[in-house]
Amino acid sequence: MTNDPLLQPFRLKHLTLRNRIMSTAHEPAYSEDGLPKDRYRLYHVEKARGGIALTMTAGSAVVSPDSPEAFGNLHAYRDEIVPWLRRLADECREHGAAVMIQLTHLGRRTSWNKGDWLPVLSASPVREAAHRAFPKEAEDWDIARIVADYAAAAQRMEEAGLDGIEFEAYGHLMDSFWSPATNRREDEWGGSLDNRLRFTWAVIDAVRAAVGPDFIVGIRMVADEDWDKGLSREEGVEIARRIAASGKFDFINLIRGHIDHDAPLARVIPVQGMASAPHLDFAGEVRAEVGIPVFHAARIPDVATARHAIATGKLDMVGMTRAHIADPHIAAKVMRGEEHRIRPCVGATYCLDRIYEGGEALCIHNAATGREARMPHVIPPAPRPLKAVIVGAGPAGLEAARVAAERGHDVTVLEAADRAGGQVNLLVQNPRRREMIGIIDWRLDELARLGARIRFNVYAEAEDVLAEDPDMAVIATGGLPQTPPMDAGAELTVSSWDILSGAVKPAGRVLVYDDNGAHPGMSAAEVAARAGAEVELVTPERFFAPEIGGLNHAPYMKAFHELGVRVTINARLTGVRREGNELVATFGSDYAEGWREERRVDQVVVEHATAPLDELYFALKPLSRNLGEIDHKALLAGRDPFPARRPEARMRLCRIGDAVAARNIHAAIYEALRLGILW
């Protein structure tokens, strides 16, 4: 493996990075009070333990109080951050990884109504749609103050013992001066490219004066906003040339595109169904122009693509950021010759969508990420082997089986269908979401390696489970679609499952009523429209698809606009009746008593999540040792959560995933993991 391009060390100034794999700056929103405390630290330490060469913290750490955090950003303007970062850096370095941090002033990419409620500012008073603030134009005293803030923040990072810093110039304050879309000034900070770069030079000169010439300083920069209003490729590459030629920067971390709102952001950070590594060739072209190290990350999800990026000289360091959220041990597995065992990033982008909606980063199918203090990435062996029977081979059941098998238990999975996958087999019927099958395929490969048995076409009843004489029975039977509450006509509707599975062909005028707000209803509408139907999606919500974040929203809306799907909000389906060859859907309002509307359509598709398929669980419950009970206090404390309600019985029983209640893939996998490590 020593000839593997990805495993070659890279010399960056005085720093030797052990391989070419890095995680670029991103904000997982694990901070506490703007500081990188235990959860934040352990997240990065796990990647260091997993063999990564460089982990870039923060996305981004803010240098000034009038750059309030947009999604859990670290507060680089506070002295209190230093000891926390020092501990993070020291622990990562113990495992052989370098640590840097990204610094920024967010400019207009934040909101005024948080933090200290200071005015948002930018190069010019041009609003950013994503964060909705109307910024003021930065005055001379603002600029001087912020330049000094950058220098002070850089000093703190040096004091914390970090290996270097990078500036963020990608939708933030620094590049708002670069772009014609955001810089309309007529003073010495606007107009010519020389003037538009004046703020950048002021910042780097102040930082170099503060930290000296030896500290590593780079820049994550946009070199083409891919926007007729914005920074052109020609000017962007020229900026990169000038930055490289200045001798003041040690690397460029390259970005292409703009991020004013969700649609262009999804082209910068592509999701499933979109092109892999769409800006890699561009990064290689810029690298050939500038003559200093170039880093880049934008949907480089697999080792083969990363290896190609290094082997062909397109990059010096390759960012696999979302891939490390899925599996922080990528480099270690490559080094061990276990590349095939890397948990794949399936492009769901549940991680980023949660951040942008105010949550924290969580991987859709690695529940240990972000929970390193409580959940292991490497499953420990059990004190003694047990016999486990898992009923259901969807995400929850397969994860339960994997964890049990890793612990050394004897595992049998019973599945009613002729293949594994559960509801994942439905969602991948939308061609854009086919990568999600990786959630299933990876677990099947792991179970084969571990010697677990899967028996298909077994509609398990209590006798089938008891015949296996298990110590542990896990019911992961999922759920079945249910109709939303309505006064009449439920029997005239079909479910989103019917459309996605192909059991019912969409035709003519199709009304999709989505009373769930997640992917199934949206996918059913998209699939129906692609089949040629005239589709309207109606929801009782005040905005539609609230369970889907902005990055996944973008491709749905692209499809809806191209296919003519209409969307109606704030309308609740009350009934369906047949009149001749038509169906008449009746809607009422939650807001206006007596309000009523009708739609005449050929088909009504309803989405109201699932009802638990729980008959087997209730049949086994009185026969189990714990009577199905889970002691939540013990579970959350990491202790045995299965109370001995019937001490004479041996079989412990639990149900997980949608067999409990309709949730999502991450919830099902997390439930399987945190129960499984306690068996």
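Under an unreviewed UniProt entry, the protein has the name 2,4-dienoyl-CoA reductase and belongs to Oceanicella actignis. Check the Sequence similarities (unreviewed entry) section of the UniProt entry for the protein; it says "In the N-terminal section; belongs to the NADH:flavin oxidoreductase/NADH oxidase family."

### Some details on the side chain of Asp-327
Along the chain, the position of Asp-327 falls in the loop between helix H11 (321-326) and helix H12 (330-335). Of the polar contacts made by the side chain of Asp-327, one reaches the side chain of Lys-333; its length is 2.7 Å. Not counting chain neighbours up to four residues away, the residues in contact with Asp-327 comprise Lys-333, Arg-341, Ile-342, Arg-343 and Asn-366.

### Some points on the pattern of salt bridges
Tallying each qualifying case throughout the model produces 68 salt bridges. The shortest N-O distance in the salt bridge between Glu-339 and Arg-307 comes to 2.8 Å. You can see Glu-339 sitting in the loop between H12 and helix H13 (350-356) and its partner Arg-307 sitting in helix H10 (residues 303-311), a full 32 residues away along the chain. The partly exposed category is assigned to Glu-339, whose relative accessible area is 32%. In this structure, the salt-bridge partner of Arg-341 is Glu-406, at a minimum N-O distance of 3.8 Å. Remark: Glu-406 occurs in helix H14 (residues 395-406) and Arg-341 occurs in the loop between H12 and H13; sequence separation between them is 65 residues. Relative accessible area serves as the criterion here: at 22%, Glu-406 is assigned to the partly exposed category. Each of Arg-509, Arg-577, Glu-579, Glu-582, Arg-596, Glu-598, Arg-600 and Asp-602 takes part in one network of salt bridges that share partners.

### Digging into the packing of aromatic side chains
Using the criterion set out here, one finds twelve aromatic pairs in the structure. Between Trp-112 and Trp-117, the aromatic rings sit 5.4 Å apart at their centres with planes inclined by 80°, giving edge-to-face as the arrangement. For Trp-117, a relative accessible area of 56% translates into the label exposed. Judged by centre distance (6.4 Å) and plane angle (70°), the rings of Tyr-150 and Phe-199 are edge-to-face. Of this pair, Tyr-150 sits in helix H3 (residues 140-159) while Phe-199 sits in helix H6 (residues 198-211), and the two are 49 residues apart along the sequence.

### Points about the pairing of strand S25 (residues 603-607)
Each regular strand displays side chains that alternate between the two surfaces of the sheet. By the criterion of burial, S25 is predominantly enclosed, with five of the five residues buried. Neither face of S25 is open: one carries Gln-603, Val-605 and Glu-607, the other Val-604 and Val-606, and all of them are buried. Direction of pairing for strand S18 (residues 494-495) relative to S25: parallel, over a ladder of two bridges. Its bridge partner being in S25, Val-494 is matched across the sheet by Val-605. Judged from the five bridges that link them, strand S19 (residues 509-514) and S25 form a sheet pairing that is parallel. Looking at the pairing, Leu-511 lines up with Val-604 of S25.

What counts as what
Residues numbered from 1 in each chain as written. Predicted model: local features only at pLDDT ≥ 70, side-chain atom pairs only at ≥ 80, totals over all residues. Heavy atoms only, no water. UniProt positions renumbered as here; feature names shortened; annotations may be inferred. Helix = DSSP H or I, 4+ residues; strand = E, 2+ residues; numbered from the N terminus. Polar contact = N/O pair within 3.5 Å; in protein donor to acceptor, adjacent residues only side chain to side chain. Contact = heavy atoms within 4.5 Å. Salt bridge = Lys/Arg side-chain N within 4 Å of Asp/Glu carboxyl O. Buried < 20%, exposed > 50% of the residue type's maximum accessible area, 1.4 Å probe, protein only. Phe/Tyr/Trp six-rings, centres within 6.5 Å; stacked < 30°, edge-to-face > 60°. Pairing = 2+ DSSP bridges.

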